[in-house]
Amino acid sequence: MEKIKPNALAWLVVSLLVLILDQWSKAWVLASLPEYTAVPVIDGFWNWYRTYNTGAAFSFLADAGGWQKYFFVVLAFAISGLMAWMLAKTRRGDWKQALPLALVIGGAIGNVIDRFTLGHVVDFIQWHVGQHYWPAFNIADCAVVGGAIGIALFGLLGGKSKAAG
């Protein structure tokens, strides 16, 4: 009888932590920060800046007329489902694969909650150098980007070498 190896679904706790931190931070932003007004955190580099995004990264499809909300919700659920399936196939101790997947799931669901409840995503972290501004983002965006980088980095550098034969 083959011994069942624990899978990485336990890493969904990381997804839950990302989701909680993301939603808490957005609730704080909505209750505390004025709209479209920079509040310096590190002068000349980092502001809190409450803004909204109806599109995806860098406001992609923000002016598409409303259908994009449903498209991004379906896309986020599809990607999260795929990544949860991948977690189920991953060994629990394989953090290099499990952690990035869990980060993407938590971030994707965090932004989906905004789309469902508000009709847009709340962004509030703004980095800049002088007059050159990076588009505002949030904790969920950080998790998605960090997870995607981890998937790419560990996938490219952590691949198993093929035995010569």
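To be clear, the structure that these remarks concern was listed above.
**Let's talk about helix α3 (residues 95–118)**
Inference 1: Compared with the 34 Å implied by 1.5 Å per residue over 24 residues, the 34 Å span of α3 between its first and last C-alpha is a close match.
Inference 2: Gly119 lies just past α3 and shows a positive phi near 85°.

**Overview of the pairing of strand β1 (residues 39–42)**
Inference 1: Bridge analysis of β1 against strand β2 (residues 46–53) gives three bridges, and the strand direction is antiparallel. Bridge pairing in β2 links Ile42 to Trp46.
Inference 2: Once β1 ends, the chain turns through three residues before running back antiparallel as β2, passing Gly44 with a positive phi of about 85°.

**Quick notes on the sheet that holds β1**
Inference 1: Strand order in this open sheet of four strands is β1-β2-β3-β4, and the pairing throughout is antiparallel. The sheet terminates laterally at β1 and β4 (132–133), the two strands that pair on one side only.
Inference 2: Helix α1 (residues 12–32) contacts β2 and β3 (121–129) of the sheet and is inclined by roughly 85° relative to β3.
Inference 3: Its contacts with the sheet place α3 against β2 and β3, and it is angled at close to 125° to β3.

**Details of the packing of α1 against α3**
Inference 1: With their axes 8 Å apart at the nearest point, α1 and α3 run at an angle of 35° to one another. Between α1 and α3 lies a crossing whose hand is right-handed. Contacts between α1 and α3 involve Leu12, Val14, Ser15, Val18, Leu19, Asp22, Gln23, Lys26 and Leu30 on the former and, on the latter, Leu99, Ala102, Leu103, Ile105, Gly106, Gly107, Ile109, Gly110, Asn111, Ile113, Asp114 and Leu118.
Inference 2: Residues of the contact of α1 with α3, tallied by class, amount to 12 nonpolar, six polar and three charged.

**What about unusual backbone geometry?**
Inference 1: Even without being glycine, Tyr36 reaches a positive phi, approximately 50°.
Inference 2: Relative to the elements of secondary structure, Tyr36 occurs in the loop between α1 and β1.

**Observations concerning the side chain of Asn111**
Inference 1: On the secondary structure map, Asn111 appears in helix α3.
Inference 2: Apart from residues lying up to four places away in sequence, Asn111 is in contact with Asp22, Lys26, Val121, Asn138, Ala140 and Asp141.

**Brief notes about the nonpolar core**
Inference 1: The biggest cluster of nonpolar side chains holds nine residues, and these are Ala8, Trp11, Met83, Leu87, Ala98, Leu101, Ala102, Val104 and Ile105.
Inference 2: Looking at this core, the elements that each hand over two or more residues are α2 (67–89) and α3.
Inference 3: The leading source of residues in this core is α3, at five residues.
Inference 4: Not counting the four nearest positions on each side in its chain, Ala102 is found in contact with Trp11, Val14 and Ser15.

Conventions we followed
Residues numbered from 1 in each chain as written. Predicted model: local features only at pLDDT ≥ 70, side-chain atom pairs only at ≥ 80, totals over all residues. Heavy atoms only, no water. Helix = DSSP H or I, 4+ residues; strand = E, 2+ residues; numbered from the N terminus. Expected span 1.5 Å × (residues − 1). Pairing = 2+ DSSP bridges. Contact = heavy atoms within 4.5 Å. Axes fitted to C-alpha atoms, helices over the stretch in contact; angles between N-to-C directions. Left-handed = near helix turned anticlockwise from the far one by under 90°. Nonpolar A, V, L, I, M, F, W, Y, C, P; charged D, E, K, R; others polar. Core = buried A, V, L, I, M, F, W, Y, C linked by side-chain atoms within 4.5 Å. Buried < 20%, exposed > 50% of the residue type's maximum accessible area, 1.4 Å probe, protein only.

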